[in-house]
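Coordinates in review
The lines below spell out each chain.
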Amino acid sequence: SKAVVSTQSTGNWLWFDCTTFEGYTDETSIETSLMVKQTGAIALSSMTHVLRSLTPNARGIFKLLATFQQDSGPEFQGITFQDFYIKCREKFLVNSDATLRTQLTEFKDHMLIKTRNVDGSEALYIPVEPKILQQFLESEF
């Protein structure tokens, strides 16, 4: 019978301890979110990929938020959940606030949207530059 020799045992391996002893914040400071800090091409590609995997109503909800944000201009701080819910109901995209909350949670999980506190209320927004959002709307809708 033949003995199986592992690749590891056939080489001359050197081991160096290169521990930096720096905190993880220093070691991971170069990592970035695909949606927030990467180049426009990556953000656009990420949004497009996720959007294409969604249901038609989910795409409609995202399109509604994107269009509203784009139409509001650079001073846009976000839209409150209640105001957005009313807009979604008017377009027949949701039938309850629970349905919208479920969809928004999915968007948050995929880093498509974020929330921030605006005048004491939680406001929804898409964390990309206006020109990327415009390119996205033109290419997908």
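What this report covers is the structure whose coordinates are included nearby. Because the structure is predicted, anything quoted here is derived from the model rather than measured.

A word on the packing of aromatic side chains. Counting across every chain of the model gives 4 aromatic pairs. When the centroid spacing of 5.6 Å and the interplanar angle of 85° are considered together, the rings of Phe62 and Phe136 count as edge-to-face. Taken together, the residues Phe62 in helix H3 (residues 56-72) and Phe136 in helix H6 (residues 130-140) connect sequence positions 74 residues apart. On the accessibility criterion, Phe62 (1% relative accessible area) is buried. Taking relative accessible area as the criterion, Phe136 reaches 0% and is therefore assigned buried. Pairing Phe68 with Phe76 gives two aromatic rings, centres 5.8 Å apart and planes at 75°, and the pair type is edge-to-face. Through a chain of ring-to-ring contacts, three or more aromatic side chains come together here, namely Phe62, Phe107 and Phe136.

It is worth spelling out the sheet that holds strand E1 (residues 79-80) at this point. The strand order across the open sheet built from 3 strands is E1-E3-E2, with neighbouring strands paired in antiparallel fashion. With partners counted over all chains shown, the strands left at the sheet margins are E1 and strand E2 (114-118), one partner each. Of the strand pairs in this sheet, E2 and strand E3 (residues 121-125) are connected by 5 bridges, and their pairing is antiparallel. If you follow Arg116 over to E3, its bridge partner there is Ala123.

Trans peptide bonds make up most of the peptide bonds, and negative phi angles are found at most residues other than glycine. The phi dihedral of Met111 is positive, around 60°, even though this residue is not glycine. Inspection of the secondary structure puts Met111 in the loop between helix H5 (97-109) and E2. Looking at Met111, the relative accessible area reads 39%, which means it is partly exposed. Its identity as a non-glycine residue notwithstanding, Asp119 has a phi of 55°, on the positive side. Tracing the sequence through the fold places Asp119 in the loop between E2 and E3.

About the criteria used
Residues numbered from 1 in each chain as written. Predicted model: local features only at pLDDT ≥ 70, side-chain atom pairs only at ≥ 80, totals over all residues. Heavy atoms only, no water. Phe/Tyr/Trp six-rings, centres within 6.5 Å; stacked < 30°, edge-to-face > 60°. Helix = DSSP H or I, 4+ residues; strand = E, 2+ residues; numbered from the N terminus. Buried < 20%, exposed > 50% of the residue type's maximum accessible area, 1.4 Å probe, protein only. Pairing = 2+ DSSP bridges.

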